[in-house]
Amino acid sequence: MFGMPRRLLFGYLALAVFMTGDGFELTFLSRFLVEKGFSPTQAGFAFTAYGLVVAFSAWTTGVLAEIVGAKRLMVLGGVLWMVLHVLFLTVGLQSVLGTIVIYSLRGVAYPLFMYSFVVLIAQSVQPGRLASAMGWFWSSFSLGIGVMGAYVPSLLVPAIGEYATLWASLVFVAAGTAMCAFLVPGAPPEAARTTERDGQGRARELLRGVTILVENRQIALSVVIRVLCNLTLYAFPMMMPLYLTTGDIGGQAWFSLPEWMTIWAVMNAIALGSNVVWGRLGDRYGWMRQMRWCGFGGMAIATLAFAYVPVWFGAGFLLMVAAAVLFALSVTAFVPMGAIFPALAPGHRGAAISAHNLASGLTTFAGPGIATALLPVVGPIGVCWAFAGLMVLGTITTFFIHPPQPGITTETGRMLPRRDRLAHAA
């Protein structure tokens, strides 16, 4: 079914429902915190601290999922998210410190759910079809955190307010967790048979998620591009509500908050289809070339479009939607990243996925972190130029990464002759 492993259908659905609840806050939390008395810098620091915890949790997930079991870890992550979210809403929001601490701790939870499913996919899918399966993964992610996670709050916030909307997110997270517990299969028997390890052995395997960065130069470079490719995906939900709907960081109230939510929801709606398409194209024609030109090249242009469209054209809603469409088509070109890491270290798949997850977590920290640090210095347009420059750096870095890809490259990662690649694509 267009590259989706049917065995994991309910896993993709559970991910979409879970991430809907997790995504409720993204399009309005920074503005909500500022309205409660936070400074923009304090609000940005809350996002940055959250991302740092996400990075640590994501790093450990790959190996933990192989040791504990991917499905079991997904359920644990869902339950932990709900407990910490209740604490965040009842205790954390009473003070700046409480908000930062408890919101950051909640960052432990969603990577356990999300990235454990990445492990389950890798355990269940043949390497040559992995990018297609990861395309569906990112489509489910986008449907949840971006489309429904932005669209549903755009209806709820005007009706019941931001605080009640944050409570409503629990319904979706609970539903996604229940779907995982009762409908998602575990790993295939052959993948579930892992070597028994004592405590010391498990610690070594966990640490290999970092030491592999030293042992495998290709993995280290892949971590760099994995961090770079999603910087704006996590920086913009923190920064753009303030830039586009208020004057707090040097922008203007060009758009209302519901209009901004709609723009971001459109971006993620386009990503639903383009994730799947890019996954199929990557498997057929090559992972790296796709990410180099369509991914990083498109993201550099889209990032600057978000900065300059309102400055040049004012409240041009359709033009901002066009920028969001370009953003979606570019950011989804990176779907093969989930296939590249295990391909570069087939003997240490769990450690390679942990390195991938570490990079995925670091980008949730680095995106808001860069924006928070640079906004007082260069303003929002200067921040967008900094992100565009980092996309150019990513383009250059891709020339030094050569993952082996069935039908596209040799075992050393060098491109096969064109006729062989065309035969594979056919």
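The residue numbering used here restarts from 1 in each chain and proceeds along that chain's sequence as written. It should be noted that, the model being predicted, local features are given only for residues of pLDDT at least 70 and side-chain atom pairs only at 80 or more, the latter also being counted only at that level, while totals for whole chains, interfaces and linings use all residues. To get the side-chain values, take all heavy atoms of the structure and skip hydrogens and water.

### Points about the overall build of the protein chain
At step 1: Secondary structure counts use DSSP, requiring at least four H or I residues in a row for a helix and at least two E residues in a row for a strand, with both numbered from the N terminus. Within the protein chain one finds 18 helices and zero strands.
At step 2: Partly exposed residues are those whose accessible area sits between 20% and 50% of the maximum for their type, while under 20% is buried and over 50% is exposed, using a 1.4 Å probe and protein chains only. Going through the 426 residues of the protein chain one by one, you find that 60% of them count as buried.
At step 3: For this analysis, residues touch if any pair of their heavy atoms sits within 4.5 Å. Partitioning the intrachain contacts of the protein chain with sequence separation of at least 6 by distance along the chain shows that 82% fall at a separation of at least 24.
At step 4: In these tables, accessible area is a Shrake-Rupley quantity obtained with a 1.4 Å probe, and a residue counts as shielded only by the protein chains included in the view. Within the structure as shown, the protein chain displays about 16,000 Å² of accessible surface, and the carbon and sulfur contribution to it stands at 69%.

### Description of the environment of Ile340
At step 1: Tracing the sequence through the fold places Ile340 in helix 16 (residues 337-344).
At step 2: Residue Ile340 is classed as buried on the basis of its relative accessible area of 0%.
At step 3: Sequence separation between Ile340 and Trp287 is 53 residues; the distance between their C-alpha atoms is 7.9 Å.
At step 4: Once you skip the residues sitting within four places of it in the chain, Ile340 turns out to touch Ser222, Trp287, Met288, Met291 and Pro403.

### Topic: the confidence of the model for the protein chain
At step 1: Per-residue pLDDT for the protein chain averages 86, and the proportion of residues at 70 or more is 89%.
At step 2: The spread of mean pLDDT over the elements of the protein chain runs between helix 18 (residues 418-425), the lowest at 48, and helix 15 (residues 317-331), the highest at 96.
At step 3: Low confidence marks residues 194-199, where pLDDT is under 50. Its contacts with residues over four positions away, or in another chain, come to four contacts.
At step 4: pLDDT is defined as a per-residue confidence score from the predictor, taking values between 0 and 100. Segment residues 419-426 is flagged for pLDDT under 50; beyond a separation of four residues in sequence, or across chains, it makes 14 contacts in the model.

### Focus on the nonpolar core
At step 1: Nine residue types can take part in a nonpolar core, namely buried Ala, Val, Leu, Ile, Met, Phe, Trp, Tyr and Cys, and a core is a set of them joined through side-chain atoms within 4.5 Å. By size, the foremost hydrophobic cluster in this structure holds 136 residues, and its most contacted members are Ile121, Phe137, Phe306 and Phe327.
At step 2: Apart from residues no more than four positions distant in its own chain, Ile121 is found in contact with Leu8, Tyr12, Leu130, Ala133, Met134 and Phe137.

### Topic: the environment of Ala164
At step 1: Along the chain, Ala164 turns up in helix 8 (residues 162-183).
At step 2: Classification of Ala164 as partly exposed rests on a relative accessible area of 30%.
At step 3: Sequence-wise, Ala164 and Leu89 are 75 residues apart; in three dimensions their C-alpha atoms are separated by 9.7 Å.

### Here's the deal with helix 3 (residues 40-68)
At step 1: Expected helix span is taken as 1.5 Å per residue step, with the number of steps being one fewer than the number of residues. In this model, helix 3 (29 residues) spans 40 Å end to end at C-alpha, consistent with the 42 Å of a helix rising 1.5 Å per residue.
At step 2: Looking one or two residues beyond helix 3, the residue adopting positive phi is Gly69, at roughly 115 degrees.

### Section: the pattern of salt bridges
At step 1: Between Lys or Arg on one side and Asp or Glu on the other, a salt bridge is scored when a side-chain nitrogen of the former is within 4 Å of a carboxyl oxygen of the latter. On inspection of all chains with the given rule, the structure shows three salt bridges.
At step 2: For Arg106, the salt bridge goes to Glu25, with nearest N and O atoms at 2.8 Å. One end of the pair, Arg106, is in helix 5 (residues 96-106); the other, Glu25, is in the loop between helix 1 (9-23) and helix 2 (29-35), with 81 residues separating them in the sequence. Glu25 carries the same exposure label as Arg106, and that label is buried.
At step 3: Put simply, Glu35 and Arg31 hold a salt bridge, and the shortest N to O gap is 3.2 Å. On the criterion of helical spacing, the pair formed by Glu35 and Arg31 is a turn pair, its members being four residues apart in helix 2.
At step 4: Salt bridges here are not isolated pairs; linked through shared partners, they connect Asp22, Glu25 and Arg106.

### A look at the packing of helix 11 (residues 217-229) against helix 14 (residues 287-313)
Geometrically, a packed helix pair is captured by the angle between its two axes and the distance between the axes.
At step 1: Helix axes are fitted to C-alpha atoms over the stretch in contact, other axes to C-alpha atoms as well, and angles between N-to-C directions run from 0 to 180 degrees. Where helix 11 contacts helix 14, the axes come no closer than 12 Å and their chain directions differ by 30 degrees. Accordingly, the angle class assigned to the pair helix 11 and helix 14 is roughly parallel. The two elements helix 11 and helix 14 meet at a crossing, and its hand is left-handed. Across the interface between the two elements, Ile225, Leu228 and Cys229 from helix 11 touch Met288, Met291 and Phe296 from helix 14.
At step 2: Of the residues contributing to the contact of helix 11 with helix 14, the split by class is six nonpolar, no polar and no charged. Angle categories are assigned with fixed cut-offs, so that under 35 degrees is roughly parallel, over 145 is roughly antiparallel, 65 to 115 is roughly perpendicular, and the rest are oblique. Take the far helix as the reference: if the near one is turned anticlockwise from it by less than a right angle, the crossing is left-handed, and if turned clockwise, right-handed. When residues are sorted by character, Ala, Val, Leu, Ile, Met, Phe, Trp, Tyr, Cys and Pro go into the nonpolar class, Asp, Glu, Lys and Arg into the charged class, and all the rest, Gly among them, into the polar class.

### Thoughts on the packing of aromatic side chains
At step 1: Any two of the Phe, Tyr and Trp rings considered here, Trp counted by its six-membered ring, make a pair once their centres fall within 6.5 Å; the pair's planes then place it as stacked at under 30 degrees, edge-to-face at over 60, or tilted in between. Taken as a whole, this structure holds 23 aromatic pairs when the rule is applied.
At step 2: When the ring of Tyr243 is compared with that of Trp254, the centres are 5.3 Å apart and the planes differ by 75 degrees; the resulting orientation is edge-to-face. With a gap of 11 residues between them, Tyr243 in helix 12 (residues 231-245) and Trp254 in the loop between helix 12 and helix 13 (257-285) connect regions that are remote in the sequence.
At step 3: Accessibility expressed as a relative area gives 1% for Tyr243, which makes it buried.
At step 4: Note on Trp254: relative accessible area 14%, which makes it buried.
At step 5: Site record: aromatic cluster; members linked through ring pairs are Tyr12, Phe117, Phe137, Trp138 and Phe141.

### Here's the deal with helix 5
At step 1: Among the residues of helix 5, those classed as buried are Gly98, Thr99, Ile100, Ile102, Tyr103, Ser104 and Arg106.
At step 2: For helix 5, the secondary structure elements touched by its buried residues are helix 1, helix 2, helix 3, helix 4 (70-90) and helix 6 (109-124).
At step 3: For helix 5, the N-terminal capping position is held by Ser95, with its side-chain oxygen 2.9 Å away from the main-chain nitrogen of Gly98. Residues adjacent in sequence count toward polar contacts only when both atoms are side-chain atoms; beyond that, a polar contact is any pair of N or O atoms within 3.5 Å, and within protein one must be able to donate a hydrogen and the other to accept it.

### Quick notes on a nonpolar patch on the surface
At step 1: Patch rule: a residue counts if its relative accessible area is over 30% and it has no salt bridge; like charges are joined within 9 Å, and nonpolar side chains (Val, Leu, Ile, Met, Phe, Trp, Tyr) within 5 Å. A cluster of nonpolar side chains, Leu9, Phe10, Leu13, Phe182 and Leu183, forms an exposed patch at the surface whose accessible area comes to about 490 Å².
At step 2: Counting residues per element, the ones that place at least two in the nonpolar patch are helix 1 and helix 8.
At step 3: When residues of the nonpolar patch are assigned to their parent elements, the largest contribution, three residues, is made by helix 1.
At step 4: By secondary structure assignment, the location of Leu9 is in helix 1.

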